[in-house]
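Commentary on secondary and tertiary structure
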Amino acid sequence: MDALRAAYPGRIPLHLSNGVAYLWEPEDLKQARTQHNLCGLLSGTLPLIPQQNVFLGLPLRLLPEEVAYLLRHDAALLINEAEAYVAPTEQERAEFWEREEQKIHQQKMRTLAQQKEQREKIEAQLRARDGNGALERRKARQAAKASSAASDAGTESAQSAPISASQNEDLDRMPYVHDTPGTSAHIPGYRPCTAAMQESMPGARINTYTTLQDAYAAGVWTYPSTLTERARCAVFEDLHSKGYFLSTGLRFGGDFVVYPGDPLRYHSHYTAAVLETPQTPMPAYHIVAAGRLGTAVKKSHLLCQANTSVTDDEEARVRRQQGADDDVNTPWGQVIYWSLAWAGFGT
């Protein structure tokens with residue numbers, strides 16, 4: 001993973017699993033939000049709050065429109081997680097276990113330091129209360145307990161281990177907590193590799209893609225492939241270019257919910273419904289329902305007519321293979337907006 005970041009500085013690794021792209025590193029999430037105005041959806045459970053339904057943690061799940069946006073703007077690397085693992089070498093295994101042993105040792109040393117600090121605090125309290133008498137009686141009880149435990153383990157171990165155990169023996173007996181890494185970055189055998197990196201990584205297979213064209217050719221990422229998906233990308237990128245933040249609009253009855261700034265600071269102003277082409281029919285009662293729904297949730301409902309550049313799916317497939325979709329100067333389509341709101345309801 002370090003080699004990938006060094007080869008492509010500034011790009012955000014997107015970890016693709018079962019057709020969904022995730023961000024696992026806090027710094028990547030920060031970069032996506034502050035530099036690219038992308039929110040995504042936190043979908044992980046926080047370790048200290050296992051039963052939760054409001055405040056979630058990493059990973060961050062990205063909308064497919066967000067993935068397409070990042071790839072088109074040369075801001076991301078799409079890693080196919082299913083192909084990113086190979087058998088680690090013996091050196092990698094040894095280095096991994098050495099790092100794990102160092103973590104365990106450091107954890108035990110911290111525990112010993114905490115125990116020593118607590119012991120000194122208790123001894124100070126005993127001296128202040130009863131003088132050295134209470135302290136000496138406490139140490140005698142501890143010595144007798146340690147001597148009894150050593151004799152139960154056998155004479156041989158009792159002779160080789162004195163009653164006052166050394167620090168190394170304390171460390172060996174001490175339990176520890178194993179930390180399972182949340183990401184694959186430091187697991188031996190995890191090798192994200194692009195076509196440009198393959199020469200410097202003999203034996204590695206290509207599993208990381210920098211453009212929509214490459215990801216489509218590998219069969220890893222095909223979005224957008226239909227007229228509806230291209231229309232959604234057109235609306236997403238057009239609103240994004242105007243400075244808005246977008247998230248999924250499912251709970252507000254639209255395709256997107258639109259914020260005038262970072263959702264941590266602003267309430268959303270609009271819900272957006274996407275119309276694929278100017279010829280897309282929309283019954284009158286849908287317009288009425290959209291206007292009333294927007295009013296009910298204190299938002300204006302946007303009807304977004306995406307005059308999509310390519311309406312034929314076969315033509316769109318050929319353009320993707322030729323790399324035309326990676327040109328940010330060629331938008332997915334022009335968008336016209338209508339805002340619906342019931343007059344007099346204070347939206």
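Residues numbered from 1 in each chain as written. Predicted model: local features only at pLDDT ≥ 70, side-chain atom pairs only at ≥ 80, totals over all residues. Heavy atoms only, no water.

**Points about the sheet that holds strand 10 (residues 300–308)**
Paired through their backbone hydrogen bonds, the strands of a sheet run either parallel or antiparallel. Using the following cut-off: When DSSP finds at least two bridges between two strands, those strands are taken to pair. A helix here means a DSSP run of H or I that spans at least four residues, while a strand means a run of E at least two residues long, and both kinds are numbered starting from the N terminus. Simply put, an axis is a line fit to the C-alpha atoms, just over the touching stretch for a helix, and the angle between two N-to-C directions goes from 0 to 180 degrees.
As summarised here, the arrangement of the five strands in space is 7-8-9-10-11, forming an open sheet in which the pairing is mixed. A strand with exactly one partner marks an edge of an open sheet, and here the two such strands are strand 7 (245–248) and strand 11 (333–340). For this sheet, the mean inter-axis angle between neighbouring strands, taken without regard to orientation, is 30°.

**Regarding helix 10 (residues 284–296)**
For the record, the criterion: Helix span is expected to be 1.5 Å times the residue number reduced by one. Type-normalised accessible area, obtained with a 1.4 Å probe on protein chains alone, sets the label of each residue: buried when under 20%, exposed when over 50%, and partly exposed for intermediate values. This arc describes the spread of directions from the helix axis toward the C-beta atoms.
Taking 1.5 Å per residue, 13 residues should reach 18 Å; helix 10 reaches 19 Å between its end C-alpha atoms and fits that length. Those residues of helix 10 not exposed but buried are Ala290, Gly291, Gly294 and Thr295. For helix 10, the angular spread of buried residues about the axis comes to 130°, placing them on one side. Every exposed residue of helix 10 that faces more than 90 degrees away from the buried side is listed here: Tyr285, Arg292 and Ala296. One or two residues past the end of helix 10 sits Lys298, with phi positive at roughly 60°.

**Some remarks on the nonpolar core**
How we decide: For our purposes a nonpolar core is just a set of buried Ala, Val, Leu, Ile, Met, Phe, Trp, Tyr and Cys residues, chained together by side-chain atoms within 4.5 Å. A contact between two residues is defined here by any heavy atoms of the two lying within 4.5 Å.
Grouped together as the largest cluster of nonpolar side chains are 41 residues, with contacts concentrated most on Leu14, Val67, Leu70, Leu78, Trp221, Val235 and Phe256. For this core, the leading source of residues is helix 9 (residues 227–241), giving six residues. Ignoring sequence-local partners within four residues, the contact set of Trp221 consists of Leu16, Gly19, Pro64, Val67, Leu78, Leu212, Ala215, Tyr216 and Arg320. Counting residues in hydrophobic clusters, the runner-up holds 11 residues, among them Tyr8, Ala84, Cys193 and Met201.

**As for the sheet that holds strand 1 (residues 12–17)**
A sheet is described by the order of its strands in space; here six strands give the open sequence 3-4-2-1-5-6, paired in mixed fashion. In this open sheet, the two strands that pair with only one neighbour each are strand 3 (41–44) and strand 6 (208–209). Looking at chain direction, strand 1 and strand 2 (residues 20–23) are connected through three bridges and run antiparallel. From the neighbouring strand, Leu16 faces strand 2, where its bridge partner is Ala21. Helix 2 (residues 26–36) contacts strand 1, strand 2, strand 3 and strand 4 (57–61) of the sheet and is inclined by roughly 115° relative to strand 1. Across the sheet, helix 3 (residues 64–72) is in contact with strand 1, strand 2, strand 5 (76–80) and strand 6; its angle to strand 5 comes to roughly 120°.

**Here we look at unusual backbone geometry**
Residues apart from glycine generally show negative phi values, whereas peptide bonds are mostly found in trans. The amide bond that connects Leu58 to the next residue, Pro59, takes the cis arrangement and shows omega of 10°. Looking at the secondary structure, you find Pro59 in strand 4. Tyr223 connects to Pro224 through a cis peptide bond whose omega is 0°. Note that Pro224 resides in the loop between helix 8 (212–217) and helix 9.

**Topic: the environment of Gly19**
Along the polypeptide, Gly19 turns up in the loop between strand 1 and strand 2. Spatially, the C-alpha atom of Gly19 lies 7.4 Å from that of Trp221, the residues being 202 residues apart in sequence.

**Considering the side chain of Asp262**
Our working rule: Here a polar contact means two N or O atoms within 3.5 Å. Within protein one must be a hydrogen donor candidate and the other an acceptor candidate, and residues neighboring in sequence count only if both atoms are side-chain atoms.
By secondary structure assignment, the location of Asp262 is in the loop between strand 8 (256–259) and strand 9 (270–275). Using a relative accessible area of 19% as the deciding quantity, one classes Asp262 as buried. Within the structure, the side chain of Asp262 is placed 2.9 Å from the side chain of Arg33, a separation counted as a polar contact. Look past the residues within four positions of Asp262 in its chain and what remains in contact with it is Arg33 and Phe245.

**Regarding helix 9**
With 15 residues, helix 9 should cover 21 Å at 1.5 Å per step; its first-to-last C-alpha distance of 21 Å lies within 8% of that length. Across the 15 residues that make up helix 9, a large majority, 11, are buried. Inspection of helix 9 places Arg230, Ala231, Arg232, Cys233, Ala234, Val235, Phe236, Glu237, Asp238, Leu239 and His240 among the buried residues, and these make up the whole buried set. Where helix 9 ends, the next residue or the one after it, Gly243, has phi of about 95°, a positive value.

**What about the UniProt feature "active site" (unreviewed entry) in the chain?**
Applied cut-off: UniProt positions are given in the numbering used here, feature names are shortened, and annotations may be inferred rather than shown by experiment.
Within this numbering scheme, the UniProt entry marks Tyr259, His267 and Lys299 as carrying the feature "active site" (unreviewed entry). For this annotated set, covering 41 residues, all C-alpha atoms fall within 10.5 Å of each other, a compact arrangement in space. You can see His267 is positioned in the loop between strand 8 and strand 9. Secondary-structure assignment places Lys299 in the loop between helix 10 and strand 10.

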